[in-house]
Amino acid sequence: VIDRMHRTVTEDFARAHGGFADSGLAIIGLGKLGAREMSVGTDLDLILAYGDTRRDASDGAKKLPPMVYFARLSQRLITALTAPTGEGKLYEVDMRLRPSGNQGPIASSVDGFRKYQEADAWTWEHMALTRARVVSASPHFGDELGSHAQ
């Protein structure tokens, strides 16, 4: 469901703003999602990370710089994942495990995330990464993230 939602929101967003052929947005699941232990009522502990891009702006009609592009795309994705339905919200999303918690940017570059983990993260943040896995990403970007994890 998360992967399909990610693809749908990304395609819709790209109609107006284009994209970055050399980058993408990855959804990294932590906690019960990352460990594949979801149950009824489990929230989604997420980190959203984007790859570094060599371009200054997206390639669409309404160009956006990378940081703004991925922040807005991430916000749309979270809005879609938390959409109210007749049965209640689709999911509760918890973004407190992202760098700098609720005060940090909604999406981080992979380099920025790595630097945060190396220099500023607390021990419990390192522990949370032991249950992390890429839940959704473009194939190329997912492969790139996999190679960084080794």
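Predicted model only: the values in this text are computed from it and were never measured.

Visitor: Provide a residue-level description of the environment of Val1, including the pertinent values.
Guide: Mapped onto the elements, Val1 comes out in the segment before helix H1 (2-17). Residue classification places Val1 among the exposed positions, given a relative accessible area of 64%. Separated by 45 residues in the primary sequence, Val1 and Leu46 have C-alpha atoms spaced 14 Å apart.

Visitor: Pulling in residues and values, what's your account of the pattern of salt bridges?
Guide: Applying the stated criterion across every chain, the model contains six salt bridges. Arg7 is paired through a salt bridge with Asp3; the nearest N and O atoms lie 2.8 Å apart. Of this pair, Arg7 and Asp3 both sit in helix H1, four residues apart, which is roughly one turn of that helix. In this structure Asp3 comes out as partly exposed when scored by relative accessible area, which is 29%. One salt bridge in this structure joins Asp59 and Arg55, with 3.9 Å as the shortest N-O distance. Judged by relative accessible area, Asp59 falls into the partly exposed class, the value being 48%. The partly exposed category is assigned to Arg55, whose relative accessible area is 29%.

Visitor: Just give me the short version of the pairing of strand S1 (residues 25-30), but keep the residues and values in it.
Guide: A regular strand carries its side chains on alternate faces of the sheet. Counted residue by residue, S1 has six buried out of six residues, so it is predominantly covered. Along S1, one buried face is formed by Leu25, Ile27 and Gly29 and the opposite face, lined by Ala26, Ile28 and Leu30, is buried too. Judged from the six bridges that link them, S1 and strand S2 (residues 44-50) form a sheet pairing that is antiparallel. When the sheet's bridge partners are listed, Leu30 is paired in S2 with Asp45.

Visitor: Outline unusual backbone geometry, listing residues and values.
Guide: A positive phi angle, near 60°, is found at Arg36, a position not held by glycine. Within the secondary structure, Arg36 sits in the loop between helix H2 (31-34) and S2. Its relative accessible area of 63% is what places Arg36 among the exposed residues.

Visitor: Could you give an account of the packing of H1 against helix H3 (residues 66-81), naming the residues involved and the relevant values?
Guide: One way to put it is that H1 packs onto H3 with a least axis distance of 10 Å and a crossing angle of 135°. Considered as vectors, H1 and H3 are oriented oblique to each other. Seen from above, H1 lies across H3 with right-handed handedness. Of H3, the residues touching H1 (which contributes Ile2, Met5, His6, Val9, Thr10, Asp12, Phe13 and His17) are Tyr69, Arg72, Leu73, Arg76, Leu77, Ala80 and Leu81. Across the contact of H1 with H3, the residue classes break down as nine nonpolar, three polar and three charged.

Visitor: Describe the nonpolar core, naming the residues involved and giving the relevant values.
Guide: In this structure, Ile2, Leu25, Leu48 and Phe70 are the most contacted members of the largest nonpolar core, which totals 24 residues. For this core, the secondary-structure elements that each account for two or more residues are H1, S1, S2 and H3. Once residues lying within four places of it in the same chain are set aside, the contact partners of Leu48 are Leu25, Ala26, Ile27, Ser74, Leu77, Ile78, Met95, Ile106, Ala107 and Ser108. If you look at the next biggest cluster of nonpolar residues, it comprises ten residues, including Leu30, Ile47, Leu97 and Phe113.

Thresholds applied
- Numbering of residues begins from 1 in every chain and follows the order in which that chain's sequence is written.
- Thresholds applied to this predicted model are a pLDDT of at least 70 for local features of residues and 80 or more for the giving and counting of side-chain atom pairs; totals over whole chains, interfaces and linings are not thresholded and use all residues.
- Excluded from the side-chain calculation are hydrogens and water; included are all heavy atoms of the structure.
- Secondary structure is summarised from DSSP: a helix means a run of H or I of at least four residues, a strand means a run of E of at least two, and numbering begins at the N terminus for each.
- Only protein chains enter the accessibility calculation, which uses a 1.4 Å probe. A residue is then buried if its area is under 20% of the maximum for its type, exposed if over 50%, and partly exposed in between.
- The working definition used for a salt bridge is a side-chain nitrogen of Lys or Arg within 4 Å of a carboxyl oxygen of Asp or Glu.
- Two strands qualify as a pair provided DSSP detects at least 2 bridges between them.
- Angles run from 0 to 180 degrees between N-to-C directions of axes, and those axes are lines fitted to C-alpha atoms, restricted for helices to the stretch in contact.
- When describing relative orientation, an angle under 35 degrees is termed roughly parallel and one over 145 degrees roughly antiparallel, while 65 to 115 degrees is termed roughly perpendicular and anything else oblique.
- Handedness of a crossing follows from how the near helix is turned relative to the far one, being left-handed for an anticlockwise turn of less than a right angle and right-handed for a clockwise one.
- Between two residues, a contact is recorded if the distance between any of their heavy atoms is within 4.5 Å.
- All residues other than Ala, Val, Leu, Ile, Met, Phe, Trp, Tyr, Cys, Pro, Asp, Glu, Lys and Arg, Gly among them, are scored as polar; the first ten of these are nonpolar and the last four charged.
- Definition used in this section: a nonpolar core is a set of buried Ala, Val, Leu, Ile, Met, Phe, Trp, Tyr and Cys residues joined via side-chain atoms within 4.5 Å.

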